Every structure is written in structure tokens, then in C-alpha cells.
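Letter by letter, the chains look like this.
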Amino acid sequence: MSTDSKGPSRREFFRLSSGALGLSLLGCEDDDHREASTGAGGMRYRPLGNTGLVVSEVAFGAHGVDNPPLMGAALDAGINTFCTSGQYLDGLEEDALGRALRDAGIARDRLVLITGNRTRPGVTKRRILDDIDASLRRLRTDYIDVYYSAEVRSPGDLRVESLYDAFDEARSAGKVRHLGLSGHHGGMQDCLRAAIDDGRFGLFFIKYDFVSYPDQDEILRRAARSGVGSIVFKTSAGNRQGEIKDLEAGGLSFRQATIRWALSNPDVASVAITFTNFDVIRECTAAVGAKLTRVERGMLRRYRDVMVDKYCRFCGVCEESCPRAVPVADIMRFAMYFKYYHRERSAMQSYAPLAGDRSASACERCSGPCNAACPFGRDVRGELVEAHRLLRLPTA
């Protein structure tokens, strides 16, 4: 460990964090103090920070889903919270959600709609306002409960005055109610701390799992004390349970255990799940209302122990060693979607814009300094070579 007065380097920090992973599996042994209510069908609901919104403990994470009947089934299961984005499927996802909500005939004030887009430095206020209006049209609603800045990677992504100017104007017009941010990259902790200090955010829509970043619990605690609510996603830490023999033996459900683990944290309001079929809706909604059991904790520990040097946390530490500035975290994420989330087409489409040296095409000929730089000892180079093989679009 470094004795530098400035504290450990990023690489040292992540390595130290990996040694503390056992703490993240303890969960909250006594969750009776949580503010939760139960609705029809057994779904439970929690307040979202100080926003005044009440969200279902399981939310519909509509990434890549264009299926109104599936969304309607989620409503029937008691899910009132829908997280989407105008950039998903070029707006088709918002349109599908809008049609499902229209056909369901549920009063708008019983729903929580969350959407957003990337808002990087340089984006204009007019562009953001146009994006908000487009989302409203597709969702067939008069207002958005939370509008978020998507894929935030560094505190610099929050220093976008046009975002705050556009949000203030849209809120004054009754088009949006609260501001949020979303992210799943290695600089996320710094982003969350900066957003808490800023004071203008009401929602964190973020990656959260039992393998990565134990310090995240402290950040969520501080956010809750500041009135910021948290909805989390990617709780399955890579979704690679199929690689571990008999992990779910005896009727265990890895997916349910990860949801219960996340909800054992009273500072988590909801877990967003990408529902791909009706069975997944039934499985995930059945996870609410029960504490994480000793056997389920053992299953998660086993998964963590197997995946500790295989699962990419998207921390980006290895990227500093790459002579070609390959966006390793992004490519690993696309490969994860391809291999473990059955989203092959969208993963390939996301990878396609990385032309030339920005792709992993040259990694096979590289000596692989990224391997030595990885705080978790992963075979980064080998996984990049495999990712390029999987993700490259076929040539004519």
C-alpha cells in the first residue's frame, strides 16, 4: 500500500477494494426499518429520496426492449417504474413503452417514468430541450418524472451548464420534475460524489453489484442523507451464472438472490431489470418481500470467488497502459452484452463505430501491457482479441 500523503493510486485502490469484497455480501441483516409499502400482487414500494416519488422495488429497465405486451405484463405485476432512454433503439423503445402505457389505461400519477440521453460538454440547450420534447411525444405523456444525463464517466461530464439551463426551463414548463444521472464506468464514484456536492440531482441510476467497489455503499449512504434516491442495475455482476456448475442447484435463483442482495441496502430504492420474457418478470417480482437467505449468500460468495479475476468492473485502469487508447471498458461491456445478455445485434452495432486502432483489431499483435495494469489480474488482452472476433460485423 502506498504511503504517499495523496493516498493510493487508482490501481492500488481497486486492488485494495477487491480484498474487501466480503463486506459487500453481508447486506443489511435487519431491514425492518426500511420505508416500504406493499401493493396488490405483493409488489413492494419505496420512496425515491426526497423527490416525493414512490417506486416499485423492481423497475422495468427497458434497454433494448421493444415489446408492449411485455411492458403491459410488468404493469400487471405491480411494477410502476419504467427506466428507458431516447437513445435506445433510436427512440423505438420509448415509443413501445408509450403505447403500452396508453393501452393499459393507468392513471399517469400512478407511474414513474425515467428517461434521458447523453449530455456531454458542448451540447446545446436547444438540443437537450428538443430531446426532451421528442421523449414526451414518444412516451405519449405530458411530463417526465426524472430526466437523466446518461453514461456519465467523469465529473467533467457534470459540468455542462446547458444541461442545467435546459432542465430549469423544462421544469418551469412542467415537462420534467427531477434531474438524474446514470453511469456504469470506473470513474463513477467520483461522479456520484461530485453530484452530491452539486445538490441539483434527485436520482442516481447506476450499476451496483456484490463484486465491484465496496466503497459504493458509503456513497449511497451519503446520497440518501442528501435526499438523492438510487435505482440500480447490473446487479448480477456480469450475468455469468451459467458458467458455474450447479450454482443454482436445489431450486436457487441467482437472479433473485442478486435482487434481494441489492434491496437489503436501505439506500437502494429499486432494482432495474431488463425483462426479455414473461418468465423473467415472474421470477424477478417474486424476489421482493423476502430477505436474502444464508444459502443465497453462500451462492453469491461462490460466484464472487470464481469471477473475481474474470469479471470486468469497467474501471478503466488498464486503459492508461494502452498505446492505442483502446476503450477497453466499453469493448468489454459490449462483449458482455453479446455473450451473457443475448443482445448480439445491439452489441455489434455499438462496437462498429470503433474503427481502426480504436477497435480491438490490433490487440492480437500487441504485447498486452493491459494485463499487467489490470488490478484484478484479468487476461485483458485475450478477452479483447475474443471480443473483436465476436463483435466485428461481417464484411462483404
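Just so we're clear, the structure is a prediction, and the values are computed from it rather than from any experiment. Along each chain, residue indices are assigned from 1 in the same order as the chain's sequence is written. With the structure being a predicted model, the display of local features is reserved for residues of pLDDT at least 70 and the display and counting of side-chain atom pairs for 80 or more, all residues being used for whole-chain, interface and lining totals. Hydrogen atoms and water are omitted, and side-chain values are computed over all heavy atoms in the structure.

Asker: Before we move on, could you go through the overall build of the protein and cite the residues and values that matter?
Answerer: The helix count covers DSSP runs of H or I at least four residues long, the strand count covers runs of E at least two residues long, and both are numbered beginning at the N terminus. Assigned secondary structure in the protein consists of 15 helices and eleven strands. The buried share among the 396 residues of the protein stands at 55%. Pairs at least 24 apart in sequence give 74% of the contacts found in the protein among residues at least 6 apart. Accessibility throughout is a Shrake-Rupley quantity obtained with a 1.4 Å probe, and a residue counts as covered only by protein chains that appear here. If you sum the accessible surface of the protein, you get close to 17,100 Å²; carbon and sulfur atoms cover 48% of it. Exposed residues in this analysis have more than 50% of their type's maximum accessible area, buried residues have under 20%, and partly exposed residues fall in between, with area computed by a 1.4 Å probe over protein chains only. Residue contacts are counted whenever heavy atoms from the two residues lie within 4.5 Å of one another.

Asker: If you had to explain the sheet that holds strand E2 (residues 44–47) to someone new, which residues and values would you point to?
Answerer: In this scheme, strands are said to pair when DSSP sees at least two bridges between them. Taken in spatial order, the three strands of this open sheet run E1-E2-E3, and their pairing is antiparallel. The open sheet has two edge strands with one neighbour each: strand E1 (37–38) and strand E3 (54–56). Relative to E2, E1 is paired through two bridges, and the arrangement is antiparallel. Bridging from a neighbouring strand, threonine 38 pairs with arginine 44 of E2.

Asker: Describe the pattern of salt bridges, with residues and values.
Answerer: One speaks of a salt bridge when a side-chain nitrogen belonging to Lys or Arg is within 4 Å of a carboxyl oxygen belonging to Asp or Glu. Scanning all chains against the criterion turns up 31 salt bridges. Salt-bridge contacts for arginine 126 lead to aspartate 130; the nearest nitrogen and oxygen are separated by 3.1 Å. Of the two residues, arginine 126 and aspartate 130 both sit in helix H5 (residues 125–139), four residues apart, roughly one turn of that helix. Using a relative accessible area of 47% as the deciding quantity, one classes arginine 126 as partly exposed. According to the relative accessible area criterion, aspartate 130 is partly exposed, its value standing at 38%.

Asker: Which residues make up the environment of leucine 70, and what values do they have?
Answerer: Mapped onto the fold, leucine 70 is located in helix H3 (residues 68–76). Leucine 70 gets classed as buried once you look at its relative accessible area, which sits at 1%. Separated by ten residues in the primary sequence, leucine 70 and phenylalanine 60 place their C-alpha atoms 9.9 Å from one another. If sequence neighbours within four positions are ignored, leucine 70 has contacts with Phe60, Val65, Phe275, Thr276, Asn277, Phe278 and Ile281.

Asker: Requested: an account of the confidence of the model for the protein, with residues and values cited.
Answerer: When pLDDT is low, close inspection of the predicted coordinates is not appropriate. Mean pLDDT over the protein works out to 88, with 89% of the residues at or above the 70 mark. In the model, residues 12–23 has pLDDT below 50 throughout and makes 27 contacts with residues more than four positions away in sequence or in other chains. For every residue, the predictor assigns a confidence score, pLDDT, that lies between 0 and 100. Scored below 50 in pLDDT, residues 29–33 shows seven contacts in the model against residues more than four places distant or in partner chains.

Asker: I'd love a proper account of H3, names of residues and values included.
Answerer: At 3.6 residues per turn, the α-helix brings residues three or four places apart onto the same side. When we look at burial in H3, the residues that qualify are Pro68, Leu70, Met71, Gly72, Ala74 and Leu75. In this structure, the buried side of H3 is in contact with strand E4 (58–61), strand E5 (81–83), helix H4 (92–104) and helix H10 (278–285). Just beyond H3, the residue with positive phi is glycine 78, at close to 95°.

Asker: If you had to explain the sheet that holds strand E10 (residues 229–233) to someone new, which residues and values would you point to?
Answerer: Spatially, E4-E5-E6-E7-E8-E9-E10-E11 is the arrangement adopted by the eight strands of the closed barrel, whose pairing is parallel. Strand-to-strand twist across the sheet, computed as the mean angle between neighbouring axes with direction ignored, equals 25°. Relative to strand E6 (residues 112–117), E5 runs parallel, the two sharing three bridges. Residue phenylalanine 82 lies in a different strand from E6, and its bridge partner there is leucine 113. Note on method: axes are straight lines fitted to C-alpha atoms, helices fitted across the in-contact stretch only, with angles between N-to-C directions ranging 0 to 180 degrees. Against the sheet, H5 contacts E6, strand E7 (144–149) and strand E8 (176–183), and its axis sits at roughly 135° relative to E7.

Asker: I'd like a rundown of the environment of glutamine 216, residues and numbers included.
Answerer: Along the chain, the position of glutamine 216 falls in helix H8 (residues 216–225). Classification of glutamine 216 by relative accessible area gives buried; the value is 2%. When the C-alpha positions of glutamine 216 and leucine 192 are compared, they lie 9.3 Å apart, and in sequence the two are 24 residues distant. Those residues in contact with glutamine 216 that sit more than four places away from it in its chain are Met188, Ile206, Lys207 and Tyr208. There is a polar contact of 2.8 Å between the side chain of glutamine 216 and the backbone oxygen of lysine 207. Counted as a polar contact is a pair of N or O atoms within 3.5 Å, where, for protein atoms, one must be capable of donating a hydrogen and the other of accepting one, and residues adjacent in sequence contribute only when both atoms are in side chains.

Asker: Could you give me a rundown of the nonpolar core, with the residues and numbers involved?
Answerer: Counting residues in hydrophobic clusters, the biggest one holds 78 residues, and the most contacted among them are Phe60, Met71, Phe82, Leu181, Phe204 and Phe275. If one sorts the elements of this core by residue count, helix H9 (residues 254–263) sits on top with six residues. Discounting chain neighbours no more than four positions away, the residues touching phenylalanine 60 are Val65, Leu70, Met71, Ala74, Ile79, Thr81, Phe82, Cys83, Ile273 and Phe275. Definition of nonpolar core: a set of buried residues of the types Ala, Val, Leu, Ile, Met, Phe, Trp, Tyr and Cys, connected through side-chain atoms within 4.5 Å. Formed by 33 residues, the second largest nonpolar core is a distinct cluster that contains Ala329, Ala335, Ala347 and Ala387.

Asker: Could you give an account of the environment of valine 54, with specific residues and numbers?
Answerer: Residue placement: valine 54 occurs in strand E3. On the basis of relative accessibility, which here comes to 39%, the residue valine 54 falls in the partly exposed class. Along the sequence, valine 54 and asparagine 80 sit 26 residues apart, while their C-alpha atoms lie 8.8 Å from each other. In contact with valine 54, other than residues within four places in its own chain, are Tyr45, Arg46, Pro47, Asn80 and Val112.

Asker: Please set out the packing of H4 against H5 residue by residue, giving values where relevant.
Answerer: Between H4 and H5, the least distance of the axes is 7 Å, while the angle of their chain directions is 40°. By the angle between their axes, H4 is oblique relative to H5. Contacts between H4 and H5 pair Glu94, Asp95, Leu97 and Gly98 from the former with Ser135, Arg138 and Leu139 from the latter. For the contact of H4 with H5, the residue count by class is two nonpolar, two polar and three charged. Any angle between 65 and 115 degrees counts as roughly perpendicular, while under 35 counts as roughly parallel, over 145 as roughly antiparallel, and the rest as oblique. For this classification, the nonpolar set comprises Ala, Val, Leu, Ile, Met, Phe, Trp, Tyr, Cys and Pro, the charged set comprises Asp, Glu, Lys and Arg, and every other residue, Gly included, is treated as polar.

Asker: Quick rundown of the packing of aromatic side chains? Include the residues and the values.
Answerer: What counts as a ring pair is set by centres within 6.5 Å for rings of Phe, Tyr and Trp (its six-membered ring), and what kind of pair is set by the plane angle: stacked under 30 degrees, edge-to-face over 60, tilted for all other angles. On inspection of all chains with the given rule, the structure shows eleven aromatic pairs. Three or more aromatic residues link up through ring pairs in this structure, and these residues are Tyr208, Phe210, Phe254, Trp261 and Tyr303. Geometrically, a lysine NZ or arginine CZ counts as sitting over a ring once it is within 6 Å of the ring centre and also within 35 degrees of the ring normal. If you follow arginine 200 out to its NZ or CZ, it ends over the ring of tyrosine 164, 3.5 Å from the centre. One Lys or Arg, arginine 343, reaches over the ring of tyrosine 337 and ends 4.1 Å from the middle of that ring.

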